[in-house]
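Report on the structure
Each chain, letter by letter, is given below.
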Amino acid sequence: MTLQSRLSNWARSLSPTRRQFLQTASATAATALVAGNLPRKAHAFAYEPYPTDDELETVVTSCAHNCGSRHMLVAHKKGDVIVRLSTDNGTYQGDAYGTDTEEKPQLRACLRGRSYRSRLYSPERLLYPMKRVGERGEGKFKRVTWDEALTEIAERMVYLKNTYGPTALLDQSYAGASYGVLHKSDQIEGLLARFLGMFGCRTNSWSVPSYQGTTISSRITYGTIEDGNEDDAYAHTKLMIMWGWNPAYTFHGGNTFYYLRMAKQRGCKFVLVDPQYTDSAAAYDAWWIPIRPNTDAAMMAGMAYHIWDNNWHDQDFIDRFVQGMDPGTMPEWAQGQESFREYIFGELDGTPKTPEWAAEICGVSADDIRKLAEMYATTKPAALKASWAPGRNAYGEQYNRMAAALQAMTGNIGIVGGCAEGVGKAWHAEGVAYPYDQYANVWYASIKSDRWAHCVLNYPEVKREEIGLWPRQDNLDGVIPNIRGIFWQGSDWFNQLTNINKEIEAIRKLDSYGEGESLLVCMDSTITPTGIWADFLLPIATHFERHDVALPWYKGHYYIHRPVVIQPLGESRTDLQVFTELAYRLGFGPGYNPRASRDYFNDPTAVDEAYLEAWWHNVIDHQGADIDWATFKQRGVYKFVFDEPHVAFRAQIEQGVPFQTASGKIEIFSGQLASITDWTRTQYGYPIPAIPKWVEPWESLISPKTKDFPFHLISPHPRWRTHSIFNNIPWLRETFSQELTMNASDAKRLGIEMGETVEVFNDRGTCVVPVYVTERCMPGVAVLHEGAWMDLDGKGNDLSGNPDFLTLDEPSPAGAFAYNTVLCDIRKTDLAHRPGWDQLSTARSHVFRRDL
Ligand SMILES: Nc1nc2c(c(=O)[nH]1)N[C@H]1C(S)=C(S)[C@@H](COP(=O)(O)OP(=O)(O)OC[C@H]3O[C@@H](n4cnc5c(=O)[nH]c(N)nc54)[C@H](O)[C@@H]3O)O[C@H]1N2
Ligand SMILES: Nc1nc2c(c(=O)[nH]1)N[C@H]1C(S)=C(S)[C@@H](COP(=O)(O)OP(=O)(O)OC[C@H]3O[C@@H](n4cnc5c(=O)[nH]c(N)nc54)[C@H](O)[C@@H]3O)O[C@H]1N2
Ligand code: SF4
Ligand SMILES: [Mo]
């Protein structure tokens, strides 16, 4: 086909207005040609032949991972190679090119998704199974066959279970692959949970790094974590308070910005409560209220005081829907116990939580606290979007519960333009297509996830409350797990949990038990900082190389088909293939994967298709999708269209349906917490007050520890990575770099200039990173994004700038990771920062790829 006919074919496929534009444009170009000199033939192709669209096959798929959203990727491939990636253009559900409406917005990919080819074909891809030959952490591996790897792993699993009991293997599966329905990694619904559960040896990690404090808050307050509105509901709000929320960087749904812009255009006012002035604040011209990290619950208490003091609360809403907001709404059985209002007015403790009281703690002036309280209580509807980062703190649950109290006292729950979040899961997606039965999530011990190193290091001298041991009804209750092995699947947890130096110590303790007495397995598509510590690296096929359906991330109502776009690279297999094969070797293959035969390890095509098709029929039955599986596969995406925005608790407010709590009300006074007498017998371990209260964290800018460590370090999520994923992509690192953000006056005092390298340190660790000096971060606060690939220099310094060398493995009572509860100091250094391993890829390839 000539270029001319290809162009006219393409032009015909476009909408009339676009065609018209093209015709005019080419006419203008032709005029220009006649008028000027004839152009010289262009030779400027980077490489030839560069395939054009009609020489390529177009396949709709989606991005994966725990990245804050779920967008479409369109792969353009030649043979079995993806040549380029594009994204949604509105046409894939049978609509006209460019369709992008309030009801049906496009699912356009971000810069990470668009650079996915670089990850797919990166030098860090694991192509065959590898076995460690050096010390743990040294990074020396040799290539082995699948048979060798799986035989040894199965033998070691049996030995450890028989010798050390049913708690010997620690499940550290996490959300790297949570948002598919078949090839899933997850603490609860994941493939590993069921595999180890059926095997009969599993210690579970129950607390969630993202928002465990928030989860407890949502569950006890509303009885569910599905307390979110869909993003389109934000388009109707009149006041948006972004509390520790920066959707410009840290995605929370696929089209948040699109709808927030609509709100702005309709006159919505924006406020940001955050130690840094973010790009989200800049985009919406928000009123920035800088706040000392982790003091949010105090500021909110001050707001509650002012709202009541001025009678701006919605008493009718409180009386109808809320338990324990004030003495009048306390349950019969708890009369005389402290209600929220009594706490705020200091009726029992003698301390009224006035704006002046709050100002001393949070550093925001009493006037500003009053002003925000008035704005929130007198604007209808108003959205207090209390995001998760401020809850990733020593008593994180109190912040989220305090936010719920404000949302409830102003009657902003269950209405369009309000906000009850919390965890904020919105529309319910049907998430599991593989057998999920009585064996799913079976465990013999379950601990707070970032207490594993503490447990290993102190075993058996560990109290159950120190590790948040979940209670059981049988003779394993209270038994401290004897952890001898770890499976990492869909997680880079060695790099991402708290206090990495303590984790390294724990691995050394496992080493000390001797050869064969412990087992570390990492299943991943690339070499990762965690994998470096493993005994076996198992290469896992990416979501471009296996059949699945993608789920939205908390917000959005759609499914995206994920076909096998290219064949698995190297010898990689899917997680489900690996677990099925291991299950066969351990004697429960047919039970684990009932649709499969032993041949599944060689060809999963028919079995995966059967699981997915059956799941789709379920979805159609329950959710009313009006196309069948075959049509869905052909289109690649199905977006549901609702008559009105999905709003959590609308039915409760409009129709009087009870909330899912024991009382049927929004429980600001938690009946569940109030009835606990022995906290050590609960998974929390330590007391949580029955009403939201300000509890001072163990490290903060108001603590005496600032004498030694004067900076409060927070570690938000990076825009250019999904946690640690994409750290090895040079394209993305050209757009941003790992750096420590600090205030100009602090930098000046320390004699540090923009771009200079510093050590950030405390008594737990040191990391090395360049500095970004700005007025956009409040004095006394330093910001360092999570997820850098740790890179130790042999003297205990991390050269990558990973904040988890400084975090403390001390979760809140509810289990919230205290990632943002960190004091540190900063000094200039001669040590060199190393931004990423790919800079060393030639040097590394001999370590990882040579045959030893
Ligand atoms: N200091 C600090 N630390 C933090 C945070 C913070 O705010 N501050 N945030 C925390 C939070 S909220 C989170 S969620 C965690 C995230 O912690 P992790 O979940 O450990 O982080 P990821 O980097 O997303 O790692 C996921 C891994 O799964 C792999 N993977 C992806 N798909 C598949 C698959 O299909 N199969 C297998 N086997 N592997 C796959 C990826 O390659 C990647 O290595 O980090 C936490 N760490
Ligand atoms: N680009 C990108 N998007 C992501 C992810 C990613 O890795 N990359 N990860 C996803 C995952 S798993 C999660 S859990 C979510 C996390 O989502 P969030 O928890 O909402 O995100 P963070 O980036 O940790 O923090 C958001 C803001 O909180 C501020 N902050 C930190 N501490 C405090 C505090 O004590 N008080 C107040 N008021 N503000 C504070 C930070 O300065 C930052 O601007 O993001 C998801 N989206
Ligand atoms: S937000 Fe997530 S799903 Fe969307 S393109 Fe970026 S990485 Fe992919
Ligand atoms: Mo997370």
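Read on for a plain summary of the structure. Everything quoted here is computed from the prediction, not taken from an experiment. (Residues numbered from 1 in each chain as written. Chains lettered and ligands numbered in written order. Predicted model: local features only at pLDDT ≥ 70, side-chain atom pairs only at ≥ 80, totals over all residues. Heavy atoms only, no water.)

1. Some remarks on the side chain of Glu 421
Relative to the elements of secondary structure, Glu 421 occurs in the loop between helix H16 (396–409) and strand S13 (445–447). Relative accessible area serves as the criterion here: at 1%, Glu 421 is assigned to the buried category. Within polar-contact distance, the side chain of Glu 421 engages the side chain of Tyr 234 at 3.3 Å. Within the local environment of Glu 421, its side chain forms a polar contact with the side chain of Lys 385, the two groups lying 2.7 Å apart. (Helix = DSSP H or I, 4+ residues; strand = E, 2+ residues; numbered from the N terminus. Buried < 20%, exposed > 50% of the residue type's maximum accessible area, 1.4 Å probe, protein only. Polar contact = N/O pair within 3.5 Å; in protein donor to acceptor, adjacent residues only side chain to side chain.)

2. Some words on the sheet that holds strand S10 (residues 287–289)
Pairing within the open sheet is parallel, and its 4 strands lie in the order S10-S9-S8-S12. At either end of the open sheet lies a strand with only one pairing partner, and these are S10 and strand S12 (382–386). For this sheet, the mean angle separating the axes of adjacent strands, direction not counted, is 15 degrees. Strand direction decides the pairing type here: strand S9 (residues 269–273) and S10, joined by 3 bridges, are parallel. Its bridge partner being in S10, Val 273 is matched across the sheet by Ile 289. (Pairing = 2+ DSSP bridges. Axes fitted to C-alpha atoms, helices over the stretch in contact; angles between N-to-C directions.)

3. Some remarks on helix H9 (residues 256–265)
Where H9 is concerned, the buried positions are Thr 256, Tyr 258, Tyr 259, Leu 260, Met 262 and Ala 263. Of the surrounding secondary structure, the elements contacted by the buried residues of H9 are helix H8 (231–234), strand S8 (239–243), S9 and helix H10 (279–284). One or two positions beyond H9, positive phi appears at Gly 267, with a value near 100 degrees. (Contact = heavy atoms within 4.5 Å.)

4. Topic: the sheet that holds strand S1 (residues 57–62)
Taken in spatial order, the 3 strands line up as S1-S2-S3 in an open sheet, and their pairing is antiparallel. Every other strand in the sheet has two partners, leaving S1 and strand S3 (81–86) as the edge strands with one partner each. The sheet shows a mean angle of 35 degrees between the axes of neighbouring strands, direction not considered. Relative to S3, strand S2 (residues 72–78) runs antiparallel, the two being bridged by 5 bridges. Bridge assignment links Ala 75 to a residue of S3, and that residue is Leu 85.

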